[in-house]
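Listed below, chain by chain, are the residues.
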Amino acid sequence: METKVDEIAERIYRLSTFLPTLGPSGFTFNQFLVDAEQPLLFHCGQRALFPAVSQAVARIMDVRRLRWITFSHIEADECGALAEWLNAAPEATVTHGAIGCSIWLNDQAPRPPRALADGEVLDLGGRRVQRLDTPHVPHCWDAGLLYEEKTGTLFTSDLFTHVGDPPALTDGDILGPVVAAEKRFGYTALTPSTGATIRRLAKLEPRTLAVMHGSSYSGDAAPVLETLAGFYDDLLQKGAAAGRG
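In this report, we go over the structure that sits alongside the text. Since this is a predicted model, take the numbers as computed values, not measurements.

## A closer look at the overall build of the chain
For step 1, the next point in the chain: Scanning the chain from N- to C-terminus turns up 7 helices and 14 strands.
For step 2, the next point in the chain: Expected size for 245 residues packed as a compact globule is a radius of gyration near 18 Å; at 17 Å, the chain falls within 12% of this value.
For step 3, the next point in the chain: Judged by the C-alpha coordinates and their principal axes, the chain covers about 55 × 35 × 30 Å.
For step 4, the next point in the chain: Scored against the burial criterion, the 245 residues of the chain give a buried share of 53%.
For step 5, the next point in the chain: Across the chain, every contact between residues at least 6 apart in sequence was considered, and the portion connecting residues at least 24 apart equals 62%.
For step 6, the next point in the chain: Summed over all atoms, the accessible surface of the chain reaches about 10200 Å², with 51% contributed by carbon and sulfur.
For step 7, the next point in the chain: In the chain, 22 positive and 30 negative side-chain charges are present, and the distance between their average locations comes to 1 Å.

What follows is the structure in structure tokens.
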């Protein structure tokens, strides 16, 4: 098992492990490291991936330098290896939204977590990241994303999921593969707030989308997010119409 390292924005690294036997054409599991004075890891990965991913981090910096660990929602590929990371980085603090801390982290984290409010900013020293509550987007009540201000990088978690082992970073079409994966797997929780939540993200005008499964995207991401919001609005309307029928 190999974890590849690619710098997708200045001092933001994609740590990607491809599992070829999952799904129709394999699946990538991506974590992201923000290398700042107080380095931050977004997503922990599953426990089975920890040896490979931690070795990848060690190629960039001493793992013990990690100061912040966070993730979008409670699921194995987001936070399964949390205990292993906290053990490897004894000065690191895990942080999550208030709901996630209340329903899981306060009880399960090996060390006390720090709850972040919607819109709250963490100063990493030379970098600032903002927590954005996104309940049920892409899924789970506790869901939330992260936005790094200097590079305009939005860490999208399972939004924009697509299959295979594509390039680490693309400026080409990302929506086609995303729509195909959504139609095949139905992984996003559709609610009346789904489109509005994604449009809120578009207003940030991100320049990089750090995608958890598949290629990350570089370019003007606001129109891409707007189009994705419209796609989900349409899916919801069709589902409601089918229910009434």
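## Quick look at helix α1 (residues 50-58)
For step 1, the next point in the chain: Residues F50, A52, V53, S54, A56 and V57 constitute the buried set of α1.
For step 2, the next point in the chain: Turning to α1, the residues buried within the fold contact β1 (3-9), β2 (12-19), β3 (27-34) and α3 (82-88).

## Some thoughts on the packing of aromatic side chains
For step 1, the next point in the chain: With the rule as written, the count across this model stands at 5 aromatic pairs.
For step 2, the next point in the chain: With a centroid separation of 5.5 Å and an interplanar angle of 80°, the aromatic rings of F27 and F29 are classed as edge-to-face.
For step 3, the next point in the chain: Ring centres of F231 and Y232 lie 5.2 Å apart, and the angle between their planes is 55°; on these two criteria the pair is classed as tilted. Here F231 matches Y232 in class, with each residue buried.
For step 4, the next point in the chain: Among the aromatic residues, ring-to-ring pairing joins F32, F42 and F155 into one connected group.

## A closer look at the sheet that holds strand β6 (residues 93-97)
The pairing of strands in a sheet comes from backbone hydrogen bonds and takes either a parallel or an antiparallel form.
For step 1, the next point in the chain: The strand order β1-β2-β3-β4-β5-β6-β7 describes an open sheet built from 7 strands, whose pairing is mixed. Taken across any chain shown, the strands that pair with only one partner, and hence form the sheet edges, are β1 and β7 (114-116). Across the sheet, the mean angle from the axis of one strand to that of its neighbour is 25°, orientation sign disregarded.
For step 2, the next point in the chain: Note that β3 and strand β4 (residues 40-42) share 3 bridges and pair antiparallel. Residue pairing in the sheet places V34 in a bridge with L40 of β4.
For step 3, the next point in the chain: Docked against the sheet, helix α4 (residues 98-108) engages β6 and β7, running at close to 115° with respect to β6.

## Thoughts on the pattern of salt bridges
Side-chain pairs of opposite charge can arise where the charged atoms are in close proximity.
For step 1, the next point in the chain: The final tally for this structure, using the stated rule, is 14 salt bridges.
For step 2, the next point in the chain: Between E84 and R47 there is a salt bridge, and its shortest N-O distance comes to 3.0 Å. Pair noted here: E84 is in helix α3 and R47 is in the loop between β4 and α1, with a separation of 37 residues, a long-range link.
For step 3, the next point in the chain: A residue is classified by how much of its surface remains accessible, and R47, at 57% relative accessible area, is exposed.
For step 4, the next point in the chain: Three or more residues are tied together by salt bridges with common partners; here these are E10, R127 and E148.

Cut-offs applied
Residues numbered from 1 in each chain as written. Predicted model: local features only at pLDDT ≥ 70, side-chain atom pairs only at ≥ 80, totals over all residues. Heavy atoms only, no water. Helix = DSSP H or I, 4+ residues; strand = E, 2+ residues; numbered from the N terminus. Rg over C-alpha atoms; globule rule 2.2 N^0.38 Å. Buried < 20%, exposed > 50% of the residue type's maximum accessible area, 1.4 Å probe, protein only. Contact = heavy atoms within 4.5 Å. Areas by Shrake-Rupley, 256 points an atom, 1.4 Å probe, with all protein chains shown as cover. Lys, Arg positive; Asp, Glu negative; His and termini not counted. Charge placed at Lys NZ, Arg CZ, Asp CG, Glu CD. Phe/Tyr/Trp six-rings, centres within 6.5 Å; stacked < 30°, edge-to-face > 60°. Pairing = 2+ DSSP bridges. Axes fitted to C-alpha atoms, helices over the stretch in contact; angles between N-to-C directions. Salt bridge = Lys/Arg side-chain N within 4 Å of Asp/Glu carboxyl O.

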